[in-house]
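So you can see what is in the structure, the chains are spelled out below.
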Amino acid sequence: MPEQPSGRRERKKAATRQKIADTALRLFLERGYDVVGIRDVAAEADVAVTTVFAHFASKEALVFERDADFEQRLAGAVTDRAPGEPLVPALRREIHALVRHCLADDAAPVWHMIDTSPALREYEGSMRLRHAEALATALAAEPGPPRTGTVRRAIARFVVDAFALARGADDPQAAVDEIFRMIEAAWEAAERSARVPQPG
């Protein structure tokens with residue numbers, strides 16, 4: 001059966017996006033994040049500057065090119081988990097996997113670059129807030145007594161921040177487990193509170 005043109009187009013776009021991101025990261029690590037500009041990335045990747053901006057909204061976004069995947073994985077840990085699987089263990093498993101990924105040897109130079117760049121740290125902070133809002137939205141569909149928006153957003157921020165806190169801990173995997181014991185206690189307390197009839 002002939003390949004659909006739209007499929008070819010999407011694959012070509014994805015390949016171009018990945019090429020730009022890989023080129024940018026290589027240049028940032030070789031020359032320094034502050035030294036390399038968008039024009040340098042475009043020239044090295046052999047694309048137009050407009051093509052870079054068609055795929056990435058900012059220079060910072062080039063470093064966090066898996067931003068959308070991270071967000072989808074967190075939300076998917078809630079919405080796509082097996083029937084009957086408890087919520088918090090599913091989220092803990094996903095954060096464990098993400099922490100293992102970010103601690104791989106080849107990731108260390110990237111995180112060093114992020115940690116030493118005020119612009120990248122600020123971007124990462126705003127990114128975490130966005131991820132937390134997406135996760136809070138996914139939590140709204142959880143069965144059981146209704147939790148307030150405040151509870152959902154608080155739990156979502158705890159989960160997202162667990163990744164950042166564990167990344168800098170002496171024992172990252174133990175840190176994830178420690179943080180998630182608190183998250184589980186908070187989620188269960190919110191559930192108990194939601195079941196208590198309010199005076200009125």
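Residues numbered from 1 in each chain as written. Predicted model: local features only at pLDDT ≥ 70, side-chain atom pairs only at ≥ 80, totals over all residues. Heavy atoms only, no water.

Draft legend 1. Focus on the side chain of Glu-65. By the secondary structure assignment, Glu-65 is in the loop between helix 4 (59–63) and helix 5 (67–79). Residue contacts for Glu-65: discarding those within four places in its chain leaves Arg-17, Gln-18, Ala-21 and Phe-56. (Helix = DSSP H or I, 4+ residues; strand = E, 2+ residues; numbered from the N terminus. Contact = heavy atoms within 4.5 Å.)

Draft legend 2. Region of the structure containing the environment of Glu-44. Looking at the element boundaries, Glu-44 is found in helix 2 (residues 38–45). The partly exposed category is assigned to Glu-44, whose relative accessible area is 38%. Note: C-alpha distance between Glu-44 and Ile-20 (24 residues apart in sequence) is 8.7 Å. Not counting residues up to four positions away in its chain, the partners in contact with Glu-44 are Thr-23, Arg-26, Leu-27 and Arg-31. (Buried < 20%, exposed > 50% of the residue type's maximum accessible area, 1.4 Å probe, protein only.)

Draft legend 3. Just the pattern of salt bridges, in detail. Under the counting rule described, the total for this entry stands at 12 salt bridges. The salt bridge partner of Arg-130 is Asp-67, with a shortest N-O separation of 3.0 Å. Remark: Asp-67 occurs in helix 5 and Arg-130 occurs in helix 8 (residues 118–139); sequence separation between them is 63 residues. Close ionic contact of Arg-128 with Glu-124 constitutes a salt bridge, the shortest N to O distance being 3.7 Å. On the criterion of helical spacing, the pair formed by Arg-128 and Glu-124 is a turn pair, its members being four residues apart in helix 8. The network of salt bridges with common partners includes Arg-26, Glu-30 and Glu-44. (Salt bridge = Lys/Arg side-chain N within 4 Å of Asp/Glu carboxyl O.)

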